[in-house]
Amino acid sequence: MQELNFHIVIPAHNEAQFLGETLSSLVSQTHKPKQLVIVNDNSTDQTLSIAETFSKDYSFITVVSRKSSAEHLPGSKVISAFNVGLKLVPNDADIICKFDADLIFPSTYLETLNNLFISDTRIGMASGNLYVKEVDSWVYEAIADKNHIRGPIKAYRKNCFKDIGGLKTSIGWDTVDVLLAKYHNWKTITDTSLKVKHLKPTGATYSNKGYEKQGEAMYKMDYGFVITCIASLKIAIKRSKLSVFVEYLKGYFNAKNKKLPKLVTQAEGKFIRAYRWQGIKQKLF
(Lines give C-alpha, C1' and ligand atoms only; values in the text may rest on other atoms or scores of the structure.)
Protein backbone atom coordinates (compact mmCIF):
# COMPACT_ATOMS: atom_id res chain seq x y z
CA MET A 1 0.00 0.00 0.00
CA GLN A 2 1.29 3.45 -0.93
CA GLU A 3 2.26 5.64 2.01
CA LEU A 4 1.36 9.32 1.76
CA ASN A 5 3.24 12.05 3.58
CA PHE A 6 1.07 13.48 6.37
CA HIS A 7 2.02 16.93 7.65
CA ILE A 8 0.17 17.97 10.81
CA VAL A 9 -0.16 21.47 12.25
CA ILE A 10 -1.56 21.85 15.79
CA PRO A 11 -2.38 25.35 17.09
CA ALA A 12 -2.26 25.31 20.89
CA HIS A 13 -3.28 28.06 23.32
CA ASN A 14 -3.11 27.05 27.00
CA GLU A 15 -3.61 23.35 26.28
CA ALA A 16 -1.25 21.95 28.92
CA GLN A 17 -4.07 19.87 30.39
CA PHE A 18 -4.58 17.93 27.16
CA LEU A 19 -1.61 18.40 24.81
CA GLY A 20 0.44 15.53 26.21
CA GLU A 21 -2.33 13.01 25.54
CA THR A 22 -2.85 14.38 22.04
CA LEU A 23 0.83 14.10 21.14
CA SER A 24 1.16 10.67 22.73
CA SER A 25 -1.66 9.39 20.51
CA LEU A 26 -0.04 10.88 17.39
CA VAL A 27 3.49 9.59 17.97
CA SER A 28 1.94 6.13 18.53
CA GLN A 29 0.27 6.03 15.10
CA THR A 30 0.75 2.92 12.97
CA HIS A 31 1.34 5.31 10.06
CA LYS A 32 3.76 7.92 11.37
CA PRO A 33 3.36 11.55 10.30
CA LYS A 34 6.15 12.96 8.16
CA GLN A 35 5.98 16.20 10.13
CA LEU A 36 4.14 17.56 13.17
CA VAL A 37 4.29 21.29 13.89
CA ILE A 38 2.99 22.60 17.22
CA VAL A 39 2.22 26.31 17.24
CA ASN A 40 2.35 27.63 20.78
CA ASP A 41 -0.17 30.46 20.52
CA ASN A 42 0.68 32.89 23.33
CA SER A 43 0.20 30.27 26.06
CA THR A 44 0.68 31.20 29.71
CA ASP A 45 0.64 27.64 31.09
CA GLN A 46 2.99 24.68 30.42
CA THR A 47 1.94 24.18 26.79
CA LEU A 48 5.33 25.24 25.41
CA SER A 49 7.26 23.06 27.85
CA ILE A 50 5.20 19.97 27.00
CA ALA A 51 5.57 20.60 23.26
CA GLU A 52 9.34 21.05 23.56
CA THR A 53 9.69 17.82 25.55
CA PHE A 54 8.06 15.88 22.72
CA SER A 55 10.13 17.68 20.07
CA LYS A 56 13.32 16.56 21.81
CA ASP A 57 12.21 12.93 21.70
CA TYR A 58 10.78 12.87 18.16
CA SER A 59 12.69 14.35 15.24
CA PHE A 60 9.54 14.93 13.15
CA ILE A 61 8.08 17.32 15.77
CA THR A 62 8.80 21.06 15.53
CA VAL A 63 7.63 23.79 17.91
CA VAL A 64 7.11 27.44 17.02
CA SER A 65 5.60 30.27 19.07
CA ARG A 66 3.56 33.36 18.25
CA LYS A 67 2.04 36.29 20.12
CA SER A 68 -1.72 36.85 19.94
CA SER A 69 -4.76 37.87 21.94
CA ALA A 70 -5.59 35.71 24.96
CA GLU A 71 -9.33 36.05 24.25
CA HIS A 72 -10.96 32.87 22.93
CA LEU A 73 -13.29 33.39 20.02
CA PRO A 74 -13.99 30.83 17.30
CA GLY A 75 -12.46 31.74 13.97
CA SER A 76 -9.46 33.82 12.99
CA LYS A 77 -7.25 33.23 16.05
CA VAL A 78 -6.84 29.50 15.49
CA ILE A 79 -6.32 29.79 11.73
CA SER A 80 -3.81 32.61 12.14
CA ALA A 81 -1.86 30.25 14.40
CA PHE A 82 -2.30 27.37 11.95
CA ASN A 83 -0.91 29.52 9.12
CA VAL A 84 2.24 30.17 11.14
CA GLY A 85 2.84 26.41 11.23
CA LEU A 86 1.77 25.97 7.62
CA LYS A 87 4.78 28.02 6.49
CA LEU A 88 6.98 25.14 7.64
CA VAL A 89 5.11 22.53 5.57
CA PRO A 90 7.10 21.66 2.41
CA ASN A 91 5.69 21.67 -1.12
CA ASP A 92 5.95 17.89 -1.39
CA ALA A 93 3.34 17.30 1.33
CA ASP A 94 0.63 14.86 0.24
CA ILE A 95 -1.82 15.49 3.09
CA ILE A 96 -2.11 18.60 5.27
CA CYS A 97 -3.82 18.16 8.64
CA LYS A 98 -5.17 20.81 10.99
CA PHE A 99 -5.65 19.11 14.37
CA ASP A 100 -6.61 20.55 17.74
CA ALA A 101 -4.57 20.04 20.90
CA ASP A 102 -7.30 18.39 22.99
CA LEU A 103 -7.78 15.05 21.23
CA ILE A 104 -6.91 11.39 21.60
CA PHE A 105 -6.62 9.65 18.23
CA PRO A 106 -7.00 5.90 17.73
CA SER A 107 -3.65 4.37 16.76
CA THR A 108 -4.82 3.57 13.22
CA TYR A 109 -6.19 7.05 12.50
CA LEU A 110 -3.56 8.18 9.99
CA GLU A 111 -3.24 4.71 8.46
CA THR A 112 -6.99 4.59 7.79
CA LEU A 113 -7.00 8.08 6.27
CA ASN A 114 -3.98 7.12 4.18
CA ASN A 115 -5.89 4.19 2.73
CA LEU A 116 -8.98 6.35 2.13
CA PHE A 117 -7.06 8.98 0.19
CA ILE A 118 -5.33 6.30 -1.89
CA SER A 119 -8.60 4.49 -2.63
CA ASP A 120 -10.07 7.47 -4.52
CA THR A 121 -8.04 10.35 -5.94
CA ARG A 122 -11.14 12.60 -5.82
CA ILE A 123 -11.29 12.47 -2.03
CA GLY A 124 -10.13 15.93 -1.03
CA MET A 125 -10.93 15.93 2.69
CA ALA A 126 -11.33 13.14 5.24
CA SER A 127 -11.69 12.54 8.97
CA GLY A 128 -13.22 10.37 11.64
CA ASN A 129 -15.85 11.46 14.19
CA LEU A 130 -15.54 13.23 17.53
CA TYR A 131 -16.70 11.70 20.82
CA VAL A 132 -17.06 13.36 24.22
CA LYS A 133 -17.19 11.82 27.66
CA GLU A 134 -20.52 11.65 29.47
CA VAL A 135 -20.32 10.06 32.91
CA ASP A 136 -18.39 6.82 32.22
CA SER A 137 -18.83 6.46 28.46
CA TRP A 138 -17.78 8.21 25.27
CA VAL A 139 -20.66 9.39 23.09
CA TYR A 140 -20.83 11.05 19.69
CA GLU A 141 -20.52 14.84 19.92
CA ALA A 142 -23.82 15.50 18.19
CA ILE A 143 -23.46 19.13 17.14
CA ALA A 144 -23.12 18.14 13.49
CA ASP A 145 -24.08 15.26 11.23
CA LYS A 146 -21.67 12.31 11.24
CA ASN A 147 -20.82 12.98 7.60
CA HIS A 148 -19.51 16.48 8.37
CA ILE A 149 -15.75 16.84 8.76
CA ARG A 150 -15.27 18.67 12.05
CA GLY A 151 -12.81 21.51 12.58
CA PRO A 152 -10.57 19.78 15.16
CA ILE A 153 -9.72 16.81 12.90
CA LYS A 154 -9.36 18.11 9.33
CA ALA A 155 -7.18 16.32 6.77
CA TYR A 156 -6.82 17.78 3.26
CA ARG A 157 -5.29 16.44 0.08
CA LYS A 158 -2.79 19.10 -0.96
CA ASN A 159 -4.45 19.84 -4.32
CA CYS A 160 -7.84 20.25 -2.62
CA PHE A 161 -6.27 22.55 -0.05
CA LYS A 162 -4.93 24.69 -2.89
CA ASP A 163 -8.26 24.72 -4.77
CA ILE A 164 -10.15 26.07 -1.76
CA GLY A 165 -7.53 28.75 -1.23
CA GLY A 166 -6.29 27.38 2.09
CA LEU A 167 -8.16 28.09 5.31
CA LYS A 168 -9.98 31.38 5.81
CA THR A 169 -8.79 33.48 8.75
CA SER A 170 -12.37 34.10 9.78
CA ILE A 171 -15.22 32.62 11.72
CA GLY A 172 -16.85 29.98 9.51
CA TRP A 173 -13.59 28.59 8.16
CA ASP A 174 -14.45 25.04 9.23
CA THR A 175 -17.70 24.97 7.28
CA VAL A 176 -16.83 27.00 4.21
CA ASP A 177 -13.81 24.77 3.49
CA VAL A 178 -16.08 21.73 3.08
CA LEU A 179 -18.53 23.68 0.93
CA LEU A 180 -15.76 25.04 -1.30
CA ALA A 181 -14.27 21.56 -1.65
CA LYS A 182 -17.65 20.37 -2.95
CA TYR A 183 -17.84 23.42 -5.24
CA HIS A 184 -14.54 22.29 -6.76
CA ASN A 185 -15.87 18.73 -7.19
CA TRP A 186 -13.85 17.16 -4.41
CA LYS A 187 -15.34 14.44 -2.22
CA THR A 188 -15.41 14.87 1.56
CA ILE A 189 -15.45 11.64 3.56
CA THR A 190 -15.87 10.71 7.21
CA ASP A 191 -15.01 7.22 8.42
CA THR A 192 -17.39 6.58 11.31
CA SER A 193 -15.22 3.71 12.56
CA LEU A 194 -12.58 6.26 13.58
CA LYS A 195 -13.62 7.53 16.99
CA VAL A 196 -11.54 10.46 18.18
CA LYS A 197 -11.90 11.43 21.84
CA HIS A 198 -12.56 15.15 22.26
CA LEU A 199 -11.33 16.12 25.70
CA LYS A 200 -12.72 19.66 25.65
CA PRO A 201 -16.21 19.72 24.07
CA THR A 202 -16.86 22.24 21.30
CA GLY A 203 -18.31 25.49 22.58
CA ALA A 204 -17.28 24.81 26.17
CA THR A 205 -15.60 28.21 26.29
CA TYR A 206 -18.04 30.10 24.04
CA SER A 207 -19.64 33.26 25.36
CA ASN A 208 -22.67 35.00 23.86
CA LYS A 209 -20.17 36.88 21.74
CA GLY A 210 -18.97 33.54 20.39
CA TYR A 211 -22.49 32.61 19.28
CA GLU A 212 -22.87 36.04 17.73
CA LYS A 213 -19.71 35.38 15.71
CA GLN A 214 -21.26 32.16 14.42
CA GLY A 215 -24.16 34.21 13.05
CA GLU A 216 -21.62 36.48 11.42
CA ALA A 217 -20.13 33.41 9.76
CA MET A 218 -23.46 32.49 8.19
CA TYR A 219 -23.64 35.95 6.65
CA LYS A 220 -20.05 35.68 5.39
CA MET A 221 -20.79 32.27 3.83
CA ASP A 222 -23.74 33.85 1.99
CA TYR A 223 -26.37 31.56 3.52
CA GLY A 224 -29.12 34.16 3.25
CA PHE A 225 -31.65 34.97 5.98
CA VAL A 226 -33.94 31.93 5.73
CA ILE A 227 -31.19 29.31 5.79
CA THR A 228 -29.53 31.21 8.65
CA CYS A 229 -32.79 31.06 10.63
CA ILE A 230 -33.18 27.33 10.05
CA ALA A 231 -29.57 26.53 10.92
CA SER A 232 -29.59 28.79 14.01
CA LEU A 233 -32.82 27.32 15.32
CA LYS A 234 -31.47 23.79 14.89
CA ILE A 235 -28.39 24.64 16.94
CA ALA A 236 -30.43 26.45 19.61
CA ILE A 237 -32.67 23.41 20.01
CA LYS A 238 -29.65 21.10 20.36
CA ARG A 239 -28.21 23.35 23.06
CA SER A 240 -31.64 23.92 24.66
CA LYS A 241 -31.04 27.67 24.68
CA LEU A 242 -33.31 30.11 22.87
CA SER A 243 -30.71 32.80 23.53
CA VAL A 244 -28.37 31.00 21.11
CA PHE A 245 -30.88 31.57 18.29
CA VAL A 246 -31.12 35.26 19.21
CA GLU A 247 -27.33 35.70 19.30
CA TYR A 248 -26.90 33.98 15.92
CA LEU A 249 -29.40 36.34 14.29
CA LYS A 250 -27.85 39.31 16.05
CA GLY A 251 -24.48 38.36 14.58
CA TYR A 252 -25.98 37.86 11.13
CA PHE A 253 -27.65 41.27 11.03
CA ASN A 254 -24.67 43.06 12.55
CA ALA A 255 -22.49 41.65 9.79
CA LYS A 256 -25.07 42.57 7.16
CA ASN A 257 -25.44 46.12 8.44
CA LYS A 258 -21.66 46.56 8.49
CA LYS A 259 -21.46 45.04 4.98
CA LEU A 260 -18.62 42.77 6.05
CA PRO A 261 -16.80 41.07 3.18
CA LYS A 262 -18.05 37.60 2.22
CA LEU A 263 -15.81 34.54 2.34
CA VAL A 264 -17.12 33.36 -1.03
CA THR A 265 -17.76 34.70 -4.51
CA GLN A 266 -21.29 35.19 -5.85
CA ALA A 267 -21.03 31.92 -7.79
CA GLU A 268 -19.79 30.05 -4.72
CA GLY A 269 -22.56 31.60 -2.60
CA LYS A 270 -25.19 30.51 -5.08
CA PHE A 271 -23.80 26.96 -4.99
CA ILE A 272 -23.72 26.96 -1.18
CA ARG A 273 -27.37 28.05 -0.86
CA ALA A 274 -28.49 25.43 -3.38
CA TYR A 275 -26.48 22.76 -1.57
CA ARG A 276 -27.94 23.75 1.81
CA TRP A 277 -31.50 23.76 0.48
CA GLN A 278 -30.96 20.31 -1.00
CA GLY A 279 -29.89 19.04 2.41
CA ILE A 280 -32.88 20.64 4.14
CA LYS A 281 -35.32 19.14 1.65
CA GLN A 282 -33.79 15.67 2.02
CA LYS A 283 -34.28 15.81 5.81
CA LEU A 284 -37.85 17.08 5.48
CA PHE A 285 -38.98 14.70 2.77
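Just above, that's the structure.
Residues numbered from 1 in each chain as written. Predicted model: local features only at pLDDT ≥ 70, side-chain atom pairs only at ≥ 80, totals over all residues. Heavy atoms only, no water.

A. Focus on a nonpolar patch on the surface. On the surface, Phe225, Val226, Ile230, Phe253 and Trp277 cluster together to form a nonpolar patch covering roughly 420 Å² of accessible area. Broken down by element, the residue count for the nonpolar patch peaks at 3 residues, all from helix 8 (residues 225-239). Mapping Ile230 onto the fold places it in helix 8. Its relative accessible area of 35% is what places Ile230 among the partly exposed residues. (Patch = residues over 30% accessible without salt bridge, like charges linked within 9 Å, V, L, I, M, F, W, Y side chains within 5 Å. Areas by Shrake-Rupley, 256 points an atom, 1.4 Å probe, with all protein chains shown as cover. Salt bridge = Lys/Arg side-chain N within 4 Å of Asp/Glu carboxyl O. Helix = DSSP H or I, 4+ residues; strand = E, 2+ residues; numbered from the N terminus. Buried < 20%, exposed > 50% of the residue type's maximum accessible area, 1.4 Å probe, protein only.)

B. Region of interest: helix 2 (residues 47-57). Among all positions of helix 2, only Thr47, Ala51 and Phe54 are buried. For helix 2, the angular spread of the buried residues around the axis is 65°, confining them to a single face. Exposed and facing more than 90 degrees away from the buried side of helix 2 are Lys56 and Asp57. In the core, the buried residues of helix 2 are packed alongside strand 1 (6-12), helix 1 (19-27), strand 2 (35-41) and strand 3 (61-66). (Arc of directions from axis to C-beta. Contact = heavy atoms within 4.5 Å.)

C. Quick peek at the side chain of Arg150. Along the polypeptide, Arg150 turns up in the loop between strand 7 (137-140) and strand 8 (153-157). Residues contacting Arg150, with those up to four places away along its chain left out, are Ser127, Leu130, Glu141, Ile143, Ala144 and Thr202.

D. Quick look at the pairing of strand 3. Both strand 2 and strand 3 contribute to a ladder of 6 bridges, which runs parallel. The residue of strand 3 that forms the bridge with Asn40 is Ser65. What joins strand 2 to strand 3 is helix 2, and the crossover it makes is right-handed. (Pairing = 2+ DSSP bridges. Right-handed = clockwise from strand over helix to strand, strands pointing away.)

E. Spatial organisation of the pattern of salt bridges. This model, assessed by the stated rule, comprises 12 salt bridges. Here Arg150 ties to Glu141 by a salt bridge, and the two come within 3.3 Å at their closest N and O atoms. Judged by relative accessible area, which is 7%, Arg150 ranks as buried. Owing to a relative accessible area of 5%, Glu141 belongs among the buried residues under this scheme. With a shortest N-O distance of 3.9 Å, Glu212 and Lys250 are connected by a salt bridge. Here Lys250 lies in helix 9 (residues 242-258) and Glu212 lies in helix 7 (residues 208-220), a separation of 38 residues in the sequence. Shared partners join several salt bridges into a network, and the residues in it are Asp41, Arg66 and Lys77.

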